[in-house]
Every structure is written in structure tokens, then in C-alpha cells.
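# A structural walkthrough
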Amino acid sequence: MPSKCRQHGINRAPVGPPVAAASIYLDHQATTPCDPAVVAAMAPWWSEGFANPSSRSHRPGLEAAAQLGRSRQQLAAALAVPPESLVLTSGATEANNLAIKGLCEARLSRGRHLITVATEHRAVLDPCRYLERLGFGLTVLPVGTDGLLDPAQLEAAVRPDTVLVSVMAANNEIGVLQPLEAITAICRPRGIAVHVDAAQLVGHQRFEPLKLGIDLLSFSGHKFYGPKGVGALVVAPGVELMPQLHGGGQEGGLRSGSTPLPLVVGLAEALSRALADAPERAQRLGQLRQRLWAGLQVLGGVELNGSAEQRLAHNLNVSFEGVDGARLHSALRRRLAVSGGSACSSASGEPSHVLLALGRSREQAAASVRFGLGRFTTAEQIDQALAWISTQLQQLR
Ligand SMILES: *Cc1c(COP(=O)(O)O)cnc(C)c1O
């Protein structure tokens, strides 16, 4: 890019973040670094290939449209879905909003009740609460102390007027994997649509949403080493939605707005690459997570949050006993990039609604840390992190 700028006579120092030399990044559930090969794959589509893929009256536009088709095909193949089922969005937040509001609006005459779970991301809970304010019935199911939904509770909550059940695949704070097959088995025969926020699972584990009986599936590129600002909603064939953005009619009329082709190229490339090394990565990071957990247990006074078995390999969430949460986090952040909950809840300073839903007290929730390991995490970093936590805990306890 800088060489391109110089060609055009612009000579400015690149703008970048300050170098956080001493920080060990263990916050991969908030976001991941974009794979350099993905950045390279996007590059030509910002410059020479800049044309609008909706411009069908000239050759550059047609070439952009052809690339959009190839990237859509690449995404579809990775998820084993028809290319037409993909609605490209700005990320999982937008995909969730389109899925939840779009489906409820399309089924207004069939019923006005929806069901979700207390540990969902705000990008699911808030659209559901919005619909509740408009007059929909909303049931928010609790989870067990292991963070898992009990399918029997879902079965008991469904009503004749239930139109949608929204349950995430993998939790962004505690990494637990919800029992999706049991959920679709309950909803399918009753004609209830199932939406799954899979922002933390797509790209980390190969899975086929349509085979599982999922109607709507959201994901976001930057959670699997892709670019920020792009994602998609998979809409199973035959499922009807009302658009939430009206305009030029892109994405089959479901999501108007000029398609950001470079981001879509990056999204597709990132998904292919992330899935290619997903099994190896999960195995390696599972071992590093075990090393971290074993080291923390030696320090004593730590409790695991979320099921030990039904979880992502690269996530660990623990509560520290006998220490003030605010002081713990301010000590840890001098050396570690970790978080207390989701990126959103840590910004508000509120204790995590996910940890409260597991039965943790406000104090325990505040003294909890989410460790999100990623592609470049090393054993040395884990050991350095453990050493830092150990000395900080000794001073604080
Ligand atoms: C990150 C995340 C989102 C939001 O994704 P955006 O890219 O910020 O729109 C939604 N749900 C879950 C589970 C997430 O982890």
C-alpha cells in the first residue's frame, strides 16, 4: 500500500497503533489478527479491482461481479450451503439483527413469541428485547452452573405461537458449546425456526449448519483471522426474512448497500485458511490451554467457569478467589491483554451477565478472567503469563 500511495504523490507516514511491545495477547475471543495472506488476497480489490460488482454495464464491474461470485462460492463450499443462502453483512451483529427481527417480522401472522438464552451475546439479547418492547413475548432461558442449556427446559418453554429460538453455538466468554442437535430436534417438528450465533465457532471447527437443521446462522470474519467489518448470515432454503436495510436490493433484496468486495474476498480466504489448520490449531491450543489451567491451579483459589468438556479448545475462563476484581485486572493489564468478559461488557464496567447466569456473585464475576488463545500463542507466552499472574496474585492476596 505505501508504494501505491507514493505513486500517486502522497507521502505520508503510515498511521498505526503504538507498538504494545510488552503485552501478551490472550484475547482472541474479542478479535484475531488478520492473516497476512488474507491481507494480500484483498489487496488488488482495493486498487485495480475497485469496481462495483453491481455495475453490470462495463467490464471492470463484470470482473468484480465474477470475483464476488467466486468468493461467495468459496464461502458456501466451506459451510456446505448453497451460495444463494449467504447474505453478506457487516458482521455477526448485523447478521443477528437481520435473523431475529427479519424472521419475526416475516412470521407476524403465525405467532409473536421467541426464546433465547441468558448467556447470549448482546447482539442477540438486545434485538430480542427490542422485539419484546414492540409487544412480542420473550422467554430467556437460564443455563446450568456449567453454562449449558438443558434441552428439557427449552421443550417446556415452546408455545404454539413460538416462531424463533436463538441459541449461540459457542459462548464468547466461557467458550461452552451448546447442544445444537438437541435444540433443532425440538424445534424442527414444530416448525419453529432456529437461529444460531456461530461467531465463535465458524472457522474454528468444521460443521455443516444445514445438516444440523439450523435455519439461520451468523458469523463474523474477524473472529477467525479475517478482516473486521464483514460477516454473513446463512439463510436456509425456504426460510423467509424481511429485510432490515432497504435500498439498492443487493444480496437478494435482504441487505441493501454496495458490496465491500475486498472484505468479502478476505472473508472467504480467511475461512478457507482457518478451516485448513483448524484441527491442528485446536489440538495445539488445547494443550496450551491445559498448561495454563494446570499452572493456575498450582496458584490455588481458582475456579473454572463453564463446562470442562463441552467447550472450545482455545478458551479458558476462571474466577480468582480472595482478590478484588478491579485491582486484579489493573495489575494483569500491565503485561497481559486479557479481558473480564466480552469486549462490550468490559467497556461498561458491569460484571459479566454470562458469569452471573452461571451463578457467580458480582464479586466473583468481577474477579474473573477470560483467556482466549490463538494461532500465534506460544508455550513461552503461557509460562510468562503464569509467572506474571503468580507475582500479581501474591501481592494482591
Ligand atoms: C464478536 C461476536 C459478535 C459480534 O460480531 P461483530 O463482528 O462485532 O458484529 C456476536 N456474537 C458473538 C458470539 C461474538 O463473539
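Residues numbered from 1 in each chain as written. Predicted model: local features only at pLDDT ≥ 70, side-chain atom pairs only at ≥ 80, totals over all residues. Heavy atoms only, no water.

## What to know about the environment of Ser218
Heads up, the rule is: Helix and strand labels come from DSSP, where a helix needs a run of H or I of at least four residues and a strand needs a run of E of at least two; each type is numbered from the N terminus. Only heavy atoms matter for contacts: two residues are in contact if any of them lie within 4.5 Å across the pair. Counted as a polar contact is a pair of N or O atoms within 3.5 Å, where, for protein atoms, one must be capable of donating a hydrogen and the other of accepting one, and residues adjacent in sequence contribute only when both atoms are in side chains.
With respect to the element layout, Ser218 can be found in strand E7 (residues 216-220). Put simply, Ser218 and Ala169 are 49 residues apart on the chain and 9.8 Å apart in space, counted from C-alpha to C-alpha. Apart from the residues within four sequence positions on either side, Ser218 is in contact with Ala92, Ala95, Asn96, His195, Val196, Asp197, Ala198, Ala199, Ala232 and Leu233. Within the structure, the side chain of Ser218 is placed 2.6 Å from the side chain of Asn96, a separation counted as a polar contact.

## Some details on the nonpolar core
The condition that has to hold: What is meant by a nonpolar core is a set of buried Ala, Val, Leu, Ile, Met, Phe, Trp, Tyr and Cys residues, joined one to another through side-chain atoms within 4.5 Å. Each residue gets one of three labels from its accessible area relative to the maximum for its type: buried under 20%, exposed over 50%, partly exposed in between, using a 1.4 Å probe on protein chains only. Boundary definitions for the domains trace back to an automatic or database domain assignment.
With 63 residues, the main nonpolar core has Leu86, Leu154, Ile183, Val202, Leu217 and Phe219 as its most contacted residues. The element best represented in this core is helix H8 (residues 261-276), accounting for ten residues. Built from parts of two domains, this core gets at least three residues from each of domain 1 (24-36 + 276-396) and domain 2 (38-272). Apart from the residues within four sequence positions on either side, Leu154 is in contact with Ile115, Leu141, Val165, Ile183, Ile186 and Cys187. By size, the runner-up hydrophobic cluster in this structure holds 26 residues, among which are Leu316, Val318, Leu373 and Leu393.

## Considering the domain arrangement of the protein
Accessible area lost during the coming together of the parts is what is often quoted as the interface size. Spelled out, the test is: Buried area: the sum, over both parts, of the accessible surface (1.4 Å probe) that disappears when the two are put together. We count a salt bridge whenever a side-chain nitrogen from Lys or Arg sits within 4 Å of a carboxyl oxygen from Asp or Glu. Each residue receives one of three labels: charged for Asp, Glu, Lys and Arg, nonpolar for Ala, Val, Leu, Ile, Met, Phe, Trp, Tyr, Cys and Pro, and polar for the others, Gly being one of them.
Partitioning the protein into domains gives domain 1 (24-36 + 276-396) and domain 2 (38-272). Placing the centre of domain 1 and that of domain 2 at their C-alpha centroids yields a distance of 27 Å. Note on domain 1 versus domain 2: buried area summed over both sides is about 2800 Å², and carbon and sulfur give 54% of it. There are zero salt bridges connecting domain 1 and domain 2. Along the contact surface separating domain 1 from domain 2 lie 25 residue pairs in polar contact (both at pLDDT 80 or more). Of all the secondary-structure elements, those providing two or more residues to the side of domain 1 that touches domain 2 are helix H9 (278-299), strand E10 (315-320), helix H11 (343-348) and helix H12 (353-357). Here the side of domain 1 that touches domain 2 gets four residues from one element, more than from any other, and that element is H12. Residue classes in the side of domain 1 that touches domain 2 are distributed as twelve nonpolar, 17 polar and five charged.

## Quick word on the sheet that holds strand E3 (residues 113-117)
We count it as follows: Pairing between strands requires that DSSP locate at least two bridges from one strand to the other. Helix axes use the C-alpha atoms of the stretch in contact, all axes being lines fitted to C-alpha atoms, and the angles between their N-to-C directions lie in the range 0 to 180 degrees.
The strand order across the open sheet built from seven strands is E2-E8-E7-E6-E5-E3-E4, with neighbouring strands paired in mixed fashion. Looking along the sheet, the strands with just one partner apiece sit at the ends: strand E2 (86-89) and strand E4 (137-141). With direction set aside, neighbouring strand axes in the sheet form an average angle of 15°. Direction of pairing for strand E5 (residues 162-166) relative to strand E6 (residues 193-197): parallel, over a ladder of three bridges.

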